[in-house]
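Listed below are the residues making up each chain.
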Amino acid sequence: MSATAAATATDPLLRLTQVRRSFGDERALDGLDLTVAPGEIHAVVGLNGAGKSTLMRVALGMLRPDAGTAHLRLPGTGDVPAWRAPAGVWAHVGHLVEAPFAYPELTVRETVVAAARLHGMPRDPARSAAQRVVHDLELDHWADRGARTLSMGNRQRLGLACAAVHEPLLLVLDEPTTALDPAGVVLVRTWLRERRSAGTGVLVSSHHLDEVARIADRITVVHRGRAVGHLAPDGTDLERQFFAMVYATEQARTRRPAPSGRSA
Ligand SMILES: Nc1ncnc2c1ncn2[C@@H]1O[C@H](COP(=O)(O)OP(=O)(O)OP(=O)(O)O)[C@@H](O)[C@H]1O
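Note that the structure is a prediction, hence the values are computed from the model and not measured.

1. Quick notes on the sheet that holds strand β5 (residues 79–81)
Argument step 1. Strands sit in the order β2-β1-β4-β5 across an open sheet of four strands; the sheet is antiparallel. Strands with a single pairing partner mark the edges of an open sheet, and in this sheet they are β2 (26–36) and β5. Neighbouring strand axes in the sheet, compared pairwise and without regard to direction, differ in orientation by 35° on average.
Argument step 2. Strands in contact with helix α2 (residues 52–59) are β1 (14–23), β2 and β4 (67–73); relative to β1, the strand with the most contacts, it is inclined by about 120°.

Structure follows, in structure tokens:
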């Protein structure tokens, strides 16, 4: 099924409901709610350690929530918990979370073909799709070079190519432009808008409010593992609003009595 076919669906592709996830005593997600619909770019912003990467890893089934649910709704299934979604579901999901996908011993082109094959594409369509996405992300010049020889920014582009080569219905991208130069940021912005137009739902995290305001349909502020508010992408002074939300959450937190045995 193509991304376009899913654009008619209105049900969220991803729904996190009251998700909690701790690492030892550290509560990384603390009752987080979030959805991603087909054909929308939903950005999450937050301070270092706010819980953005953890929510993406939960969404991708890499981590199981301690409580709450993280459900995917993709072709061939109803709602399925991400942590035990069947293999067919992952053919419709692409991600760039943690290190970009790359086989250092392969060329750039071979790496993208391998990613397509891992997502279940037959060999010839995988080659054509790889050719297309390598071109779209302006990696042609490096296509036959070893992936290990790429600069950091081009490795990030390669990671994006591998995430999207199979035209997933849902893309989950953790800070996808951190290593890119200004031209690369503009390129990826345009490319993501095209993915959205094709019906793909995109969950993206970033520290750059200006950048997410340019591409996102919705912006959720995450702080201390919760969605503490939303920023209007066409709003003014997003930075001030962002810090107001963070500050208000901190204020509310210090007013709350500490649970017995724990400091606030
Ligand atoms: N594997 C882990 N073991 C222990 N603690 C972890 C682990 N992964 C995340 N954490 C903790 O969970 C909290 C949320 O981390 P997370 O990486 O989700 O934040 P983030 O918003 O992505 O931060 P950043 O913007 O710095 O990437 C942090 O306090 C972090 O130290």
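2. So, empty space enclosed by the protein
Argument step 1. One pass over the full model with this rule turns up one cavity of 30 Å³ or more.
Argument step 2. What the largest cavity holds in volume is close to 80 Å³.
Argument step 3. Lining the largest cavity are P176, T177, V185, V188, R189, L192, V204, S206, E211, V212 and I215.
Argument step 4. Sorting the residues of the lining of the largest cavity by element identifies α7 (182–197), β8 (201–206) and α8 (209–215) as the ones contributing at least two each.
Argument step 5. By residue number, the principal contributor to the lining of the largest cavity is α7, which donates four residues.

3. Observations concerning α2
Argument step 1. Burial within α2 is extensive, with six of its eight residues counted as buried.
Argument step 2. All buried positions along α2 are accounted for by K52, T54, L55, M56, V58 and A59.
Argument step 3. Just downstream of α2 lies G61, where phi reads positive at about 75°.

4. Things to note about the confidence of the model for the protein chain
Argument step 1. Taken as a whole, the protein chain shows an average pLDDT of 90; of its residues, 92% reach a score of 70 or greater.
Argument step 2. Here residues 1–8 scores under 50 on pLDDT; set against residues more than four positions off or in separate chains, the count is 14 contacts.
Argument step 3. Under the prediction, the complex receives an ipTM of 0.97, its pTM being 0.91.

5. A look at the packing of aromatic side chains
Argument step 1. Taken as a whole, this structure holds one aromatic pair when the rule is applied.
Argument step 2. Judged by centre distance (5.1 Å) and plane angle (80°), the ring pair of F242 and F243 falls under edge-to-face.
Argument step 3. Relative accessible area serves as the criterion here: at 6%, F242 is assigned to the buried category.
Argument step 4. For F243, a relative accessible area of 45% translates into the label partly exposed.
Argument step 5. Sitting over the face of the ring of W83, R64 holds its NZ or CZ atom 3.7 Å from the ring centroid.

6. What about the nonpolar core?
Argument step 1. Grouped together as the largest cluster of nonpolar side chains are 49 residues, with contacts concentrated most on V112, L137, L173, L192 and L231.
Argument step 2. The greatest single-element share of this core, amounting to six residues, is contributed by helix α6 (residues 152–164).
Argument step 3. Structurally, this core is a two-domain feature, drawing no fewer than three residues from each of domain 1 (12–91 + 167–248) and domain 2 (103–166).
Argument step 4. Beyond its immediate sequence surroundings of up to four residues, L137 is in contact with R157, L160, A161, L187, V188 and W191.
Argument step 5. Membership of the second largest hydrophobic core comes to 30 residues, among which are L29, A50, A59 and V80.

7. Structural notes on the packing of helix α4 (residues 108–118) against α6
Argument step 1. Close contact between α4 and α6 brings their axes to 8 Å; oriented N to C, the two are set at 30°. By the angle between their axes, α4 is roughly parallel relative to α6. Helix-helix and strand crossings are classified by hand; for α4 and α6 the assignment is right-handed. Contact residues: V108, T111, V112 and A115 in α4; L158, A161 and C162 in α6.
Argument step 2. Among the residues forming the contact of α4 with α6, the class breakdown is six nonpolar, one polar and no charged.

8. Some remarks on the side chain of T200
Argument step 1. When you line up the elements, T200 lands in the loop between α7 and β8.
Argument step 2. The exposure class assigned to T200 is buried, which follows from its relative accessible area of 2%.
Argument step 3. At 3.3 Å, the side chain of T200 and the backbone oxygen of P168 are in polar contact.

Quick notes on the rules
- Residues numbered from 1 in each chain as written.
- Predicted model: local features only at pLDDT ≥ 70, side-chain atom pairs only at ≥ 80, totals over all residues.
- Heavy atoms only, no water.
- Pairing = 2+ DSSP bridges.
- Helix = DSSP H or I, 4+ residues; strand = E, 2+ residues; numbered from the N terminus.
- Axes fitted to C-alpha atoms, helices over the stretch in contact; angles between N-to-C directions.
- Contact = heavy atoms within 4.5 Å.
- 1 Å grid on protein atoms, 1.4 Å probe; cavity = no way out; pocket = protein on both sides within 12 Å on 5 of 7 lines; lining within 4 Å.
- Points joined across faces, edges and corners; volume = space filled by probe spheres on them.
- Buried < 20%, exposed > 50% of the residue type's maximum accessible area, 1.4 Å probe, protein only.
- pLDDT = per-residue confidence, 0-100.
- Phe/Tyr/Trp six-rings, centres within 6.5 Å; stacked < 30°, edge-to-face > 60°.
- Lys NZ or Arg CZ within 6 Å of the ring centre and 35° of its normal.
- Core = buried A, V, L, I, M, F, W, Y, C linked by side-chain atoms within 4.5 Å.
- Domains from an automatic or database assignment.
- Parallel < 35°, antiparallel > 145°, perpendicular 65-115°, else oblique.
- Left-handed = near helix turned anticlockwise from the far one by under 90°.
- Nonpolar A, V, L, I, M, F, W, Y, C, P; charged D, E, K, R; others polar.
- Polar contact = N/O pair within 3.5 Å; in protein donor to acceptor, adjacent residues only side chain to side chain.

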